Amino acid sequence: MASGRKLEVVSFKAELPLVEALEAMPNRSEFIRNALLTALDGSCPLCGGSGMLNASQRRHWDAFIKKHKIKRCKECKGLTISCEQ
C-alpha cells in the first residue's frame, strides 16, 4: 500500500462460512484488498461488471459486433473477439 494515502474503512455483510474463512487469513485486510483489486481488474470494460449494457452502450456494441466475431479459443476454450476486416 502506498504510504501517505489515507485509508478508509469499508464494511460488508457476509455469511458465516465466508467470515470463518476470512478469520483464518493471517492478514485479512490485505487479502480482501487484493481480491477486490483482482476482481475489479477482470471486470468487463463495457458493463463494468454489472452484466448489463445501457441503451447507448448497446448501440455501440451492436455497431462493433457487425465487424467482429466472438470465437472460442481452441487452446483455453475462453471467448475472444476477432476482427473480421
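Coordinates for the structure precede this section.
All figures in this text were calculated on a predicted structure; none of them were measured in a lab.

*Asks:* Requested: an account of the overall build of the chain, with residues and values cited.
*Replies:* When you go through the chain residue by residue, the secondary structure sums to 3 helices and 2 strands. Ordered by position from the N terminus, the helices and strands of the chain form the series α-α-α-β-β. In terms of overall dimensions, the chain is more spread out than a globule: its C-alpha atoms have a radius of gyration of 19 Å, far above the 12 Å expected for 85 residues. Oriented by its inertia axes, the alpha-carbon framework of the chain measures out at about 50 × 30 × 30 Å. In the chain, which comprises 85 residues, the share counted as buried stands at 5%. Taken as a whole, the chain presents about 7,900 Å² of accessible surface, with 57% of it coming from carbon and sulfur.

*Asks:* Please give an account of the side chain of His68 that cites residues and values.
*Replies:* Along the polypeptide, His68 turns up in strand E1 (residues 68-72). There is a polar contact of 2.7 Å between the side chain of His68 and the backbone oxygen of Phe64.

*Asks:* Now, about the layout of surface pockets: what can you tell me, with residues and values included?
*Replies:* Think of a ball as big as a water molecule: rolled over the atoms, this probe shows where empty space is left. Considering only enclosed or pocket space, the largest pocket measures out at about 450 Å³ in volume. In this structure, the largest pocket is lined by 15 residues; those nearest its centre are Val10, Ser29, Ile32, Arg33 and Leu36. With 7 residues, the top contributor of residues to the lining of the largest pocket is helix H2 (residues 28-41). Here the residues of the lining of the largest pocket are counted per class, giving 10 nonpolar, 1 polar and 4 charged.

*Asks:* Lay out the pattern of salt bridges with the relevant residues and their values.
*Replies:* With the rule as written, the count across this model stands at 2 salt bridges. Glu8 is the partner of Lys6 in a salt bridge, and the nearest nitrogen-oxygen pair spans 3.9 Å. Exposure class is identical for Lys6 and Glu8. Each is exposed. In this structure, Arg58 engages Asp62 in a salt bridge whose closest nitrogen and oxygen atoms are separated by 3.1 Å. Taken together, the positions of Arg58 and Asp62, both in helix H3 (residues 55-65) and 4 residues apart, correspond to about one turn of that helix.

*Asks:* So what about the pairing of E1? Which residues, and what values?
*Replies:* Within a regular strand, side chains alternate between the sheet's two faces. One ladder, built from 5 bridges, connects E1 with strand E2 (residues 79-83); its direction is antiparallel. Looking at E2, one finds that Ile70 is bridged to Ile81. As consecutive antiparallel partners, E1 and E2 are separated by 6 residues, and within that stretch Lys77 has a phi angle of approximately 70°, a positive value.

*Asks:* Just give me the short version of unusual backbone geometry, but keep the residues and values in it.
*Replies:* Phi angles above zero are rare outside glycine, and Lys77 is one such case at about 70°. Within the secondary structure layout, Lys77 lies in the loop between E1 and E2.

*Asks:* Tell me about a nonpolar patch on the surface, and please be specific about residues and values.
*Replies:* Together, Phe64, Ile70, Leu79 and Ile81 make up an exposed nonpolar region whose accessible area comes to about 390 Å². Looking at the secondary structure, you find Ile81 in strand E2.

Definitions and cut-offs
- Residues numbered from 1 in each chain as written.
- Predicted model: local features only at pLDDT ≥ 70, side-chain atom pairs only at ≥ 80, totals over all residues.
- Heavy atoms only, no water.
- Helix = DSSP H or I, 4+ residues; strand = E, 2+ residues; numbered from the N terminus.
- Rg over C-alpha atoms; globule rule 2.2 N^0.38 Å.
- Buried < 20%, exposed > 50% of the residue type's maximum accessible area, 1.4 Å probe, protein only.
- Areas by Shrake-Rupley, 256 points an atom, 1.4 Å probe, with all protein chains shown as cover.
- Polar contact = N/O pair within 3.5 Å; in protein donor to acceptor, adjacent residues only side chain to side chain.
- 1 Å grid on protein atoms, 1.4 Å probe; cavity = no way out; pocket = protein on both sides within 12 Å on 5 of 7 lines; lining within 4 Å.
- Points joined across faces, edges and corners; volume = space filled by probe spheres on them.
- Nonpolar A, V, L, I, M, F, W, Y, C, P; charged D, E, K, R; others polar.
- Salt bridge = Lys/Arg side-chain N within 4 Å of Asp/Glu carboxyl O.
- Pairing = 2+ DSSP bridges.
- Patch = residues over 30% accessible without salt bridge, like charges linked within 9 Å, V, L, I, M, F, W, Y side chains within 5 Å.

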